[in-house]
Amino acid sequence: MSDLKKIKEEFSLKLKSKLNLSEINQVKSDLFGKDGLITSQFKKIGLIDDSERKKFASDLNLIKDELNELIDLKTKEIEIEHINTKLEKEKIDVTLPERNFSSGKIHPVSQTIDEISSIFSEIGFNVEEGPDVENEYNNFTALNTPDNHPARDMHDTFYLDEKKEKLLRTHTSPVQIRTMLKDKPPFKIIAPGRTYRSDSDQTHAPMFHQVEGLHIDKDINMGHLKGCLNYFIKEFFEVDKIKMRFRPSHFPFTEPSAEVDIGYEIRDGKIVIGEGDQWLEILGCGMVHPNVLKNVKVDPTKYQGYAFGIGIDRLAMLKYGINDLRSFFECDYRWLNHYGFDPVDVPTNYRGLSR
Ligand code: PHE
């Protein structure tokens, strides 16, 4: 048998048996590699007698084509087999019911804090934070509330030590002090967070939330305070008009001081903000007392401004129709599922994954 025939028979047989991809590659290099069997036959052509050369060359080409074709067929066969096993393994039954998926809910207080922060950041306020455990100086003394000041009693403070040096902050106003101590004026900040007083009924909880506002610059006056609060309340309640009144009040850290009420009425059992002749107190405010500025080394002859403290929980109750403040903190999942908000950043294609 001629060499060519032998090669053809040997390899045709091989290529009909079961092979994997690396075995196919081996066959390829055995035949067509640099020193492959077919390659060496091609090298021989020049040495062959003129009379036989033509036939040899055409036989060789024929065998080369045949073997190549067999290799292609085998490769395709292996690929198809590979795809089929993959399909078999990864098959999806689209008729199955979807798996249970439960997403968490955003608490109405967190949602309200986000809304408040975004409204104030649009008009240039930065967000600051302070710790829940404060010292007596930041919470009272620096805020112009000396030791025997009656305002200290009004706050029903939770003290954390016998010397009454550490306490749970009774308002967010100490963040005014922290902010002014660490930087130089002007200041334009809000500070949302938890606050604590020993108090509990339908509209008071021992832990509640406030957002502090502070704007100190060279010519800030009470008109700016009014404009800013008016803007905020309209944005927050998403109304074009708001009824708002400033009532004279007293805080040791502001002079003059005011409490702000907003007008509302109950229509068909629902509260309507900005209309009617009922008033609801939502915040305390005033022009920062010169003593407070002195305490934080800001010159009150050059700088002045306003501060306010808004009760966040009460705003959330009003906007979202929740009537018992205590339910905010009872951690009842049924309540949270009802009043909570869907997280906006859960991608829709997340459905179907169980947690
Ligand atoms: N801290 C005051 C309170 O808790 C509110 C307030 C803040 C008043 C800032 C004036 C200025 O009642």
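Residues numbered from 1 in each chain as written. Predicted model: local features only at pLDDT ≥ 70, side-chain atom pairs only at ≥ 80, totals over all residues. Heavy atoms only, no water.

**Q** Explain the overall build of the chain to me, using residue names and the numbers behind them.
**A** For the chain, the helix and strand inventory stands at twelve helices and ten strands. Each of the 355 residues in the chain was classed as buried or not, and the buried ones make up 39%. In the chain, of all internal contacts separated by at least 6 residues, the share reaching a separation of at least 24 is 66%. Working note: accessible area of the chain is about 21400 Å², and carbon and sulfur atoms make up 51% of it. Within the chain, one finds 50 positive and 59 negative side-chain charges whose respective centroids are separated by 5 Å. (Helix = DSSP H or I, 4+ residues; strand = E, 2+ residues; numbered from the N terminus. Buried < 20%, exposed > 50% of the residue type's maximum accessible area, 1.4 Å probe, protein only. Contact = heavy atoms within 4.5 Å. Areas by Shrake-Rupley, 256 points an atom, 1.4 Å probe, with all protein chains shown as cover. Lys, Arg positive; Asp, Glu negative; His and termini not counted. Charge placed at Lys NZ, Arg CZ, Asp CG, Glu CD.)

**Q** Account for the layout of surface pockets, naming residues and giving values.
**A** Estimated volume of the largest pocket: approximately 910 Å³. Lining the largest pocket are 41 residues, with Arg197, Phe208, Gln210, Glu281 and Gly309 positioned closest to its centre. In terms of residue count, strand S9 (residues 278–288) provides more of the lining of the largest pocket than any other element does, six residues in total. Residue composition of the lining of the largest pocket, grouped by class: 17 nonpolar, 16 polar and eight charged. (1 Å grid on protein atoms, 1.4 Å probe; cavity = no way out; pocket = protein on both sides within 12 Å on 5 of 7 lines; lining within 4 Å. Points joined across faces, edges and corners; volume = space filled by probe spheres on them. Nonpolar A, V, L, I, M, F, W, Y, C, P; charged D, E, K, R; others polar.)

**Q** Summarise the environment of Ile78; cite the residues concerned and give the values.
**A** Following the sequence through the fold, Ile78 ends up in helix H4 (residues 50–89). The exposure class assigned to Ile78 is buried, which follows from its relative accessible area of 16%. Each C-alpha atom of the pair Ile78 and Lys18 lies 9.3 Å from the other, and the pair is 60 residues apart in sequence. Setting aside anything within four residues of it in sequence, one finds Ile78 in contact with Leu19, Asn20, Leu21 and Ile24.

**Q** Can you lay out the site of the ligand for me, pointing to particular residues and giving the numbers?
**A** As a structural note, the neighbourhood of the ligand is formed by 14 residues, with His171, Ser173, Arg197, Gln210 and Gly309 the closest of them. At a separation of 2.9 Å, an oxygen atom of the ligand approaches a polar side-chain atom of Arg197. When atoms are counted within 2 Å of each cavity's grid points, the one that captures over half of the ligand is the largest pocket. Elements that contribute at least two residues to the shell around the ligand include exactly strand S5 (207–217), S9 and strand S10 (304–311). The leading source of residues in the shell around the ligand is S10, at three residues. Here the residues of the shell around the ligand sort into five nonpolar, seven polar and two charged. (Near = heavy atom within 4 Å. Polar contact = N/O pair within 3.5 Å; in protein donor to acceptor, adjacent residues only side chain to side chain. Sits in = over half its atoms within 2 Å of the grid points.)

**Q** I'd love a proper account of the pairing of S9, names of residues and values included.
**A** Among the eleven residues that make up S9, eight are buried, leaving the element largely enclosed by the rest of the structure. Of the pairings in the sheet, the one linking strand S7 (residues 254–267) to S9 comprises nine bridges and is antiparallel in character. Looking across to S9, one finds that Glu259 is bridged to Gly284. (Pairing = 2+ DSSP bridges.)

**Q** Run through the nonpolar core, naming residues and quoting values.
**A** Within the largest apolar cluster, 42 residues are counted, with the highest numbers of intra-cluster contacts made by Phe120, Phe232, Ile262 and Phe308. Put simply, the parts of the chain that give this core at least two residues each are helix H5 (108–122), helix H9 (222–237), S7, S9, S10, helix H11 (312–320) and helix H12 (333–339). Looking at which element gives the most residues to this core, the answer is H9, with seven residues. Setting aside its immediate chain neighbours within four residues, Ile262 contacts Ile233, Phe237, Ile242, Lys243, Met244, Ile273, Gln278, Trp279, Leu280, Ile282 and Leu318. (Core = buried A, V, L, I, M, F, W, Y, C linked by side-chain atoms within 4.5 Å.)

**Q** Tell me about the environment of Ser12, and please be specific about residues and values.
**A** Tracing the chain through its elements places Ser12 in helix H1 (residues 3–16). Owing to a relative accessible area of 13%, Ser12 belongs among the buried residues under this scheme. In this structure, the C-alpha to C-alpha distance between Ser12 and Leu70, residues 58 residues apart in sequence, is 7.3 Å. Setting aside its immediate chain neighbours within four residues, Ser12 contacts Leu67 and Leu70.

**Q** An account of unusual backbone geometry is requested, with residue identities and associated values reported.
**A** Cis peptide bonds are those with omega within 30 degrees of zero, and the linkage from Pro185 to Pro186 qualifies with 0°. Between Glu255 and the following residue, Pro256, the backbone shows a cis peptide bond with an omega angle of -5°. Among the structural elements, Pro256 can be located in strand S7. For Glu238, which is not glycine, the phi dihedral falls at a positive 55°. Residue placement: Glu238 occurs in the loop between H9 and strand S6 (244–251).

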